[in-house]
Amino acid sequence: MELKAAKELLHIQGWMSRVDEIVRRSKEAYLADDLLQEAGDSLMMKLGEAANRLSRLNVLAPDGIDWALAVANRNFIIHQYDEINRELTWLTLSRDLPEWEVSLEGLFGEAEGVLDDAG
């Protein structure tokens, strides 16, 4: 694994912990709080950009993850921000991204090894 890919994966790992923080606060808190919504949007945009970079670095997405779908989600949030459905963004944050975290565990471990070797 290239060092650039390892760094992207570890960024994703960090952002997943932020997603977990949002989800722990509850759906009701998310739907009532514009700042939590903006934070969730920002995380999904970052994840989409990281997915784009990983795809360009030829990192194969593990089962349950589609880099192109993450990129499409990023683009939608950026360009159709006035059409965002908060029920759908909550589902992405609370259901889809925790599944990503599980699917990416092996790559996270590999990325940590690459950075340890580079350090």
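Residues numbered from 1 in each chain as written. Predicted model: local features only at pLDDT ≥ 70, side-chain atom pairs only at ≥ 80, totals over all residues. Heavy atoms only, no water.

Put simply, the chain has an average pLDDT of 95, and 99% of its residues get 70 or more. Within the chain, no element has a lower average pLDDT than helix H6 (residues 105–118), which sits at 93, and none a higher one than helix H2 (residues 27–32), at 98. (pLDDT = per-residue confidence, 0-100. Helix = DSSP H or I, 4+ residues; strand = E, 2+ residues; numbered from the N terminus.)

So, about the packing of helix H3 (residues 34–56) against helix H4 (residues 67–79). Interaxial distance between H3 and H4 falls to 8 Å at its minimum, and their mutual angle equals 135°. Our classification of the angle between H3 and H4 gives oblique. As H3 runs across H4, the sense of the crossing is left-handed. Here Asp-41, Met-44, Met-45, Gly-48, Glu-49, Ala-51, Asn-52, Leu-54 and Ser-55 of H3 come into contact with H4, specifically with Trp-67, Ala-70, Val-71, Asn-73, Arg-74, Ile-77 and Ile-78. (Axes fitted to C-alpha atoms, helices over the stretch in contact; angles between N-to-C directions. Parallel < 35°, antiparallel > 145°, perpendicular 65-115°, else oblique. Left-handed = near helix turned anticlockwise from the far one by under 90°. Contact = heavy atoms within 4.5 Å.)

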